[in-house]
Amino acid sequence: MPNVQKTVVKKSHKFVIDCTAPAGKIVDVAAFEKYLHDRIKVDNKVGNLGSNVVISKDKSKIIINTTIPFSKRYLKYLTKKFLKFKQIRDFLRVVATTKNTYELRYFNIGDSESQE
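(A) Geometry of the packing of aromatic side chains. One pass over the structure, following the stated rule, counts six aromatic pairs. Members of the aromatic cluster, connected to one another through ring pairs, are F15, F70, Y74 and Y77. Here K72 stacks its cationic end above the ring of Y102, 4.6 Å away from the centre of that ring.

(B) Region of interest: unusual backbone geometry. Despite not being glycine, N44 shows a phi value in the positive range, around 60 degrees. Here N44 shows up in the loop between β2 (41-42) and β3 (45-46). For Q87, which is not a glycine, the phi torsion comes out positive at approximately 60 degrees. Summarising the element assignment, Q87 is placed in the loop between α2 (72-85) and β6 (92-98).

(C) Spatial organisation of the pattern of salt bridges. Enumeration over the complete set of coordinates arrives at two salt bridges. Here K34 makes a salt bridge to D38, at a shortest N to O gap of 2.8 Å. Placement of the pair is K34 and D38 together in helix α1 (residues 29-39), with a separation of four residues, close to one helical turn. Since its relative accessible area comes to 51%, K34 is described here as exposed. Classification of D38 by relative accessible area gives partly exposed; the value is 31%. Across the pair R105 and E103 runs a salt bridge whose closest N-O atoms are separated by 3.5 Å. The exposure class assigned to R105 is partly exposed, which follows from its relative accessible area of 32%.

The rules behind these values
- Each residue is numbered by its place in its chain's sequence as written, counting from 1.
- Given that the model is predicted, a residue must reach a pLDDT of at least 70 before its local features are reported, and side-chain atom pairs must reach 80 or more before they are shown or counted; all residues, however, enter totals for whole chains, interfaces and linings.
- Note that water and hydrogens are dropped before the side-chain values are worked out from all heavy atoms of the structure.
- Note on ring pairs: Phe, Tyr and Trp rings are taken, using the six-membered ring of Trp, and paired if centres are within 6.5 Å. Classes follow the plane angle, with under 30 degrees stacked, over 60 edge-to-face and the rest tilted.
- Only when the NZ atom of a Lys or the CZ atom of an Arg is both within 6 Å of the ring centre and within 35 degrees of the ring normal do we say a charge sits over the ring.
- Working definition: helices are DSSP H or I runs of at least four residues, strands are E runs of at least two. Numbering for both runs from the N terminus.
- We define a salt bridge as a contact between a side-chain nitrogen of Lys or Arg and a carboxyl oxygen of Asp or Glu at a distance within 4 Å.
- For every residue, the accessible area obtained with a 1.4 Å probe (protein chains only) is divided by the maximum for its type, and the residue is called buried under 20%, exposed over 50%, and partly exposed between those limits.

What follows is the structure, encoded as structure tokens:
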């Protein structure tokens, strides 16, 4: 049997958190990026991002590129923690718009009052 080398293909994941609606008004995107950078755990250690997880910002979007298995749900959890930390959790919610994208949206308070 001939020697066959197996090539390991690292799967990369790209997640986006879209802060366009509240950006500049009540959410500081740079502070949110730093919060994620300080809080994301890799191998159960905070601040162990290395080259496995890359966080960048593009105007009002935060882009997370990973080469390791990474949970989108974990990003939602950290986003909600950030909103609670800044005491704006009562005004914003985190909504999944596509498979790899979350968006921060305002609660629709006016619609519920007009229906009653």
